[in-house]
Amino acid sequence: WDEMLLTIAQKEGDTKAIRNLAMQLFLSSDYDFSYYRLMRDHYDPSRWSMQVDRLVNAIRKEKSYATKGIHSVAKILIEEQEWEKLLSLLDKNANLDFMNEYADHLKEKFPELMLEIYRKAIRRFAEKYMGPEAYRQVAATLKKMLTFPKSKELVQSLTIELKVNFRSRRAFVEELNKVVI
């Protein structure tokens, strides 16, 4: 029904209705970015950043924020090239899967800060998860970190720290030994 109203609003050129319906459909459609772009196209650029903040706040209030919403906020920040805000979002939600999904957007702009966030995420992950798959994921992430500028020393110290802290997990130590530094 809302899509029909949106079509009618577009044919009539009703900007206010287009904005409201596009926002409503974006939030109710599991964050379909075609509605986001439609909404953006119908705002004056000088007012758009205020609307982005309003939209991000609306997403944060949604029940699905911890699962789907947080990824939508990250994608909005990427669309808007709000790199500092994306960095802050990654820092506040430092987990390996989230980091690995969005790190490539920031590794050239903030390599040192990204490495620190990765360090925090790896520590949390290693404390929480055990088993061969988790160990391989940590090792793969450490290898990915080595692609960042000036990362060798940090990765080396983190690897040693993990080997010492988790020396009783032999399989973990074996995976860490595969990280060539």
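Predicted, not measured: the structure shown is a model, and the values here were computed from it.

Each value, and the rule that gives it
Residues numbered from 1 in each chain as written. Predicted model: local features only at pLDDT ≥ 70, side-chain atom pairs only at ≥ 80, totals over all residues. Heavy atoms only, no water. Salt bridge = Lys/Arg side-chain N within 4 Å of Asp/Glu carboxyl O. Helix = DSSP H or I, 4+ residues; strand = E, 2+ residues; numbered from the N terminus. Buried < 20%, exposed > 50% of the residue type's maximum accessible area, 1.4 Å probe, protein only. Lys, Arg positive; Asp, Glu negative; His and termini not counted. Polar contact = N/O pair within 3.5 Å; in protein donor to acceptor, adjacent residues only side chain to side chain. Contact = heavy atoms within 4.5 Å. Core = buried A, V, L, I, M, F, W, Y, C linked by side-chain atoms within 4.5 Å. Expected span 1.5 Å × (residues − 1). Patch = residues over 30% accessible without salt bridge, like charges linked within 9 Å, V, L, I, M, F, W, Y side chains within 5 Å. Areas by Shrake-Rupley, 256 points an atom, 1.4 Å probe, with all protein chains shown as cover. Axes fitted to C-alpha atoms, helices over the stretch in contact; angles between N-to-C directions. Parallel < 35°, antiparallel > 145°, perpendicular 65-115°, else oblique. Left-handed = near helix turned anticlockwise from the far one by under 90°. Nonpolar A, V, L, I, M, F, W, Y, C, P; charged D, E, K, R; others polar.

Caption draft 1: Region of the structure containing the pattern of salt bridges. One pass over the full model with this rule turns up 11 salt bridges. Between Glu-79 and Arg-40 there is a salt bridge, with its nearest N and O atoms 3.0 Å apart. You can see Glu-79 sitting in helix H5 (residues 65–79) and its partner Arg-40 sitting in helix H3 (residues 33–41), a full 39 residues away along the chain. The network of salt bridges with shared partners includes Arg-37, Arg-40, Glu-79 and Glu-80.

Caption draft 2: Here's a closer look at the side chain of Arg-169. Examined against the element boundaries, Arg-169 turns out to sit in the loop between helix H10 (152–165) and helix H11 (170–177). It turns out Arg-169 is buried and unbridged, and the closest side chain with the opposite charge, Glu-127, is 8.4 Å from it. One polar contact links the side chain of Arg-169 to the main-chain carbonyl oxygen of Ala-126, over a distance of 2.8 Å. Within the local environment of Arg-169, its side chain forms a polar contact with the backbone oxygen of Tyr-129, the two atoms lying 3.4 Å apart. Excluding anything up to four places from it in sequence, Arg-169 contacts Ala-126, Glu-127, Tyr-129, Met-130 and Tyr-135.

Caption draft 3: View of the nonpolar core. If you look at the biggest cluster of nonpolar residues, it comprises 65 residues, and the most contacted ones within it are Phe-26, Leu-142 and Leu-162. Of the residues forming this core, the biggest block, 8 residues, is contributed by helix H8 (residues 111–128). Excluding its chain neighbours within four sequence positions, the residues that come into contact with Leu-162 are Ile-122, Ala-126, Val-138, Leu-142, Arg-167, Phe-172 and Leu-176.

Caption draft 4: Broad picture of the environment of Leu-106. Within the secondary structure layout, Leu-106 lies in the loop between helix H7 (96–102) and H8. Residue class for Leu-106 comes out buried when judged on its relative accessible area of 0%. Along the sequence, Leu-106 and Tyr-36 sit 70 residues apart, while their C-alpha atoms lie 23 Å from each other.

Caption draft 5: Geometry of helix H2 (residues 15–28). Between its first and last C-alpha, H2 extends 20 Å over 14 residues, near the 20 Å set by a 1.5 Å rise per residue. Listed as buried for H2 are Ile-18, Arg-19, Leu-21, Ala-22, Met-23, Leu-25, Phe-26 and Leu-27. Packing partners of the buried residues in H2 comprise helix H1 (2–12), H3, helix H4 (45–61) and H5.

Caption draft 6: Seen up close, a nonpolar patch on the surface. A cluster of nonpolar side chains, contributed by Trp-1, Met-4, Leu-5 and Ile-8, occupies part of the molecular surface with about 480 Å² of accessible area. As for its placement among the helices and strands, Met-4 is situated in helix H1. The class for Met-4 is exposed, based on a relative accessible area of 53%.

Caption draft 7: Quick peek at the packing of H5 against helix H6 (residues 83–92). Contact geometry of H5 with H6 gives a least axis separation of 8 Å together with a crossing angle of 155 degrees. On the basis of their axis angle, the class for H5 and H6 is roughly antiparallel. In this structure, H5 crosses over H6, and the sense of that crossing is left-handed. Two secondary-structure elements touch here, H5 through Tyr-65, Ile-70, Val-73, Ala-74, Leu-77 and Ile-78 and H6 through Trp-83, Lys-85, Leu-86 and Leu-89. Class assignment of the residues belonging to the contact of H5 with H6 gives a composition of 9 nonpolar, no polar and 1 charged.

Caption draft 8: How the structure looks around the packing of H4 against H5. Interhelical geometry of H4 versus H5 gives an angle of 165 degrees and a closest axis separation of 9 Å. Between H4 and H5, the angle is such that the two are roughly antiparallel. For the pair H4 and H5, the crossing hand works out as left-handed. Taken together, the residues of H5 that come into contact with H4 (itself represented by Val-52, Leu-55, Val-56, Ile-59 and Arg-60) are Tyr-65, Gly-69, Ser-72, Val-73 and Ile-76.

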